[in-house]
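Here is what each chain is made of, one letter per residue.
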Amino acid sequence: SGIHGTSIRAAKVRQYRLNNLKRCHVAKTVVLIPLLLQLALALFLVGLLVQLWNLHHVVAVFVSILAALLGMFTAVATCLPLYDKTCAYLTSLVRSI
């Protein structure tokens, strides 16, 4: 962890780091990262589908089906912990609902 010396000094360094993490709202930022990744994936798929519908309809249908399946899986995996409190994949998004 990069902390050397006496235990009192190590405790002071740890507390200093913890206080700065809280002051800079690092926990809130870390919670936002998965949401931003999901949003980026959704926007990418929308852009891909728009491009494919203009280029080739058969490929666009196939990719649309795959994107819809991915969207349904993501929605179910996100909402399932709302119905089962013992669900193993409770996320920060579900905790905020």
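For the structure, see preceding data.
Right, let's walk through the structure included here. Remember, predicted model here, so these are calculated numbers, not experimental data.

1. Topic: the overall build of the chain
The helix and strand inventory of the chain stands at four helices and zero strands. Along its sequence from the N terminus, the chain presents helices and strands in the succession α-α-α-α. Computed over its C-alpha atoms, the radius of gyration of the chain comes to 21 Å, more than 25% above the 13 Å expected for a compact globule of 97 residues. With respect to the principal axes defined by its C-alpha atoms, the chain has extents near 70 × 35 × 20 Å. Out of the 97 residues in the chain, the part that is buried amounts to 10%.

2. Remarks on the packing of helix α2 (residues 26–55) against helix α3 (residues 57–83)
A pair of packed helices is characterised by two quantities: the angle between their axes and the separation of those axes. It is at 8 Å that the axes of α2 and α3 come closest, and there the two elements cross at 160°. In terms of their interaxial angle, α2 and α3 are classed as roughly antiparallel. You can see that α2 and α3 cross each other, and the crossing is left-handed. The residues of α3 that touch α2, namely those facing Gln38, Leu41, Leu45, Leu48, Leu49, Leu52, Trp53 and Leu55, are His57, Val59, Ala60, Val61, Val63, Ser64, Ala67, Leu70, Thr74 and Thr78. A breakdown of the residues in the contact of α2 with α3 according to their chemical character gives 13 nonpolar, five polar and no charged.

3. Section: the environment of Leu82
Relative to the elements of secondary structure, Leu82 occurs in helix α3. Separated by 60 residues in the primary sequence, Leu82 and Lys22 place their C-alpha atoms 28 Å from one another.

4. Re the side chain of Thr78
Locating Thr78 in the fold gives a position in helix α3. Thr78 sits in the buried class, given a relative accessible area of 15%. Within the structure, the side chain of Thr78 is placed 2.7 Å from the backbone oxygen of Thr74, a separation counted as a polar contact. Contacts of Thr78, omitting those with residues within four sequence positions, involve Gln38, Leu93 and Val94.

Rules behind the numbers
Residues numbered from 1 in each chain as written. Predicted model: local features only at pLDDT ≥ 70, side-chain atom pairs only at ≥ 80, totals over all residues. Heavy atoms only, no water. Helix = DSSP H or I, 4+ residues; strand = E, 2+ residues; numbered from the N terminus. Rg over C-alpha atoms; globule rule 2.2 N^0.38 Å. Buried < 20%, exposed > 50% of the residue type's maximum accessible area, 1.4 Å probe, protein only. Axes fitted to C-alpha atoms, helices over the stretch in contact; angles between N-to-C directions. Parallel < 35°, antiparallel > 145°, perpendicular 65-115°, else oblique. Left-handed = near helix turned anticlockwise from the far one by under 90°. Contact = heavy atoms within 4.5 Å. Nonpolar A, V, L, I, M, F, W, Y, C, P; charged D, E, K, R; others polar. Polar contact = N/O pair within 3.5 Å; in protein donor to acceptor, adjacent residues only side chain to side chain.

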